[in-house]
Amino acid sequence: MDYVRSDRGSSGPRLPLALKILIAGGFGAGKTTLVSALSEVRPLQTEEVLTSVGIGTDDISGVEAKTTTTVAMDFGRITINEDLQVYLFGTPGQDRFWFLWDELAFGALGAVVLADTRRLADCFPSIDYFEQRGIPFVVGVNCFDGSRRFGIEAVRQALDLDPEVPMVLCDARDRQSAKLVLISLVEHVARQRGEPVPVA
């Protein structure tokens, strides 16, 4: 797995193993919310207010109540133990910021693609991106209050996902629910690499 660690033989302080996970998905799918729910530190956010300048560029149909957007990335951190930390990088959801994705994806263990069933087509670019680059990913179907609920298999069929790609229902606001999505990703990566699946 990709990581950063200091030389074990050095006399300086050891750096923990650092795993990088991307949180991707369409505009308004809940990426910033998920990173905020998981991060043990105050997350770095690059949110800007939506203005009239974005009219005609930013499609907010289905998420009309949204007033801000991520323009670079979100960043959060989870410490598993003194030897392992997870860094979360939330990608911008709008296509005009996709030029940032290659830098954010470099060295990533894998990705979570958040799907919003109100705007399901918005997560296709994220799925295509990770499939084309061979980056393991799972799909988290973010269950928004008041939105129509669909079964996992119905969403899988609509997204035309390979059977081995895990898909889970989640609430991006809830820390425990968000943790289960990350666990699903780590287990998926371990299976792909033929490594022992961690016990949750």
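The structure this text deals with has already been given above.
Rules of the game
- Residues numbered from 1 in each chain as written.
- Predicted model: local features only at pLDDT ≥ 70, side-chain atom pairs only at ≥ 80, totals over all residues.
- Heavy atoms only, no water.
- Phe/Tyr/Trp six-rings, centres within 6.5 Å; stacked < 30°, edge-to-face > 60°.
- Helix = DSSP H or I, 4+ residues; strand = E, 2+ residues; numbered from the N terminus.
- Buried < 20%, exposed > 50% of the residue type's maximum accessible area, 1.4 Å probe, protein only.
- Lys NZ or Arg CZ within 6 Å of the ring centre and 35° of its normal.
- Patch = residues over 30% accessible without salt bridge, like charges linked within 9 Å, V, L, I, M, F, W, Y side chains within 5 Å.
- Areas by Shrake-Rupley, 256 points an atom, 1.4 Å probe, with all protein chains shown as cover.
- Salt bridge = Lys/Arg side-chain N within 4 Å of Asp/Glu carboxyl O.
- Lys, Arg positive; Asp, Glu negative; His and termini not counted.
- Charge placed at Lys NZ, Arg CZ, Asp CG, Glu CD.
- Contact = heavy atoms within 4.5 Å.
- Polar contact = N/O pair within 3.5 Å; in protein donor to acceptor, adjacent residues only side chain to side chain.
- Core = buried A, V, L, I, M, F, W, Y, C linked by side-chain atoms within 4.5 Å.
- Arc of directions from axis to C-beta.

S.K.: I'm lost on the packing of aromatic side chains in this one. Help?
M.R.: Each aromatic ring pair is characterised by the separation of its centres together with the angle its planes make. Following the criterion strictly, the structure yields six aromatic pairs and no others. Both rings, one in W101 and one in Y129, keep their centres 5.1 Å apart while their planes meet at 75°; by these two values the pair is edge-to-face. A residue pair is termed long-range when its members are at least 10 positions apart, and W101 in helix α2 (residues 101–105) and Y129 in helix α3 (residues 124–133) qualify at 28 residues. What makes W101 buried here is its relative accessible area of 3%. Connected via pairs of aromatic rings, a cluster forms that spans W101, Y129, F130 and F137. When the ring centre of F144 is taken as origin, the NZ or CZ atom of R118, which lies over that ring, is 4.0 Å away.

S.K.: So what exactly am I meant to see when it comes to a negative patch on the surface here?
M.R.: Judged by side-chain charge, D128, E131, D160, D162 and E164 come together as a negatively charged surface patch. Relative to the helices and strands, E164 resides in the loop between α4 (152–159) and β7 (167–170). By relative accessible area, E164 is classed as partly exposed at 49%.

S.K.: Would you take a moment to explain the environment of L120 for this structure?
M.R.: Inspection of the secondary structure assignment puts L120 in the loop between β5 (110–115) and α3. Here L120 falls in the buried class, since its relative accessible area comes to 17%. Distance from L120 to A158, taken between C-alpha atoms, is 8.4 Å for residues 38 residues apart in sequence. Contact partners of L120, with chain neighbours within four places excluded, come to A115, V155, A158 and L159.

S.K.: What am I meant to see in the side chain of D74 here?
M.R.: Examined against the element boundaries, D74 turns out to sit in strand β3 (residues 68–81). Nearest to the buried, unbridged D74 among oppositely charged side chains is K31, at 7.0 Å. In this structure the side chain of D74 is engaged in a polar contact, spanning 2.6 Å, whose partner is the side chain of T32.

S.K.: What's the story with the nonpolar core in this structure? I'm lost.
M.R.: Note on soluble globular proteins: their nonpolar side chains tend to be buried together. Judged by nonpolar contacts, the single largest core of 24 residues is most densely connected at L22, I127, F130, F137, V139, L159 and L161. Counting residues per element, the ones that place at least two in this core are β1 (17–25), α2, β5, α3, β6 (137–142) and α4. Those residues within four positions of V139 in sequence are excluded, and the remaining contacts are V113, A115, I127, L159, L161, P166, M167 and V168.

S.K.: Even after reading the chapter, I still don't get α3, so can you show me in this structure?
M.R.: For an α-helix, 3.6 residues make a turn, and residues three or four places apart therefore share a direction. Regarding α3, the residues found buried are S126, I127, Y129 and F130. In a view along the axis of α3, the buried residues occupy a sector of 160°, so they form one face of it. In this structure, the buried side of α3 is in contact with β1, α2, β5, β6 and α4. Immediately beyond the C-terminal end of α3, within one or two residues, lies G134, with a positive phi of roughly 70°.

Spatial relationships are all this shows, so hold off on functional conclusions.
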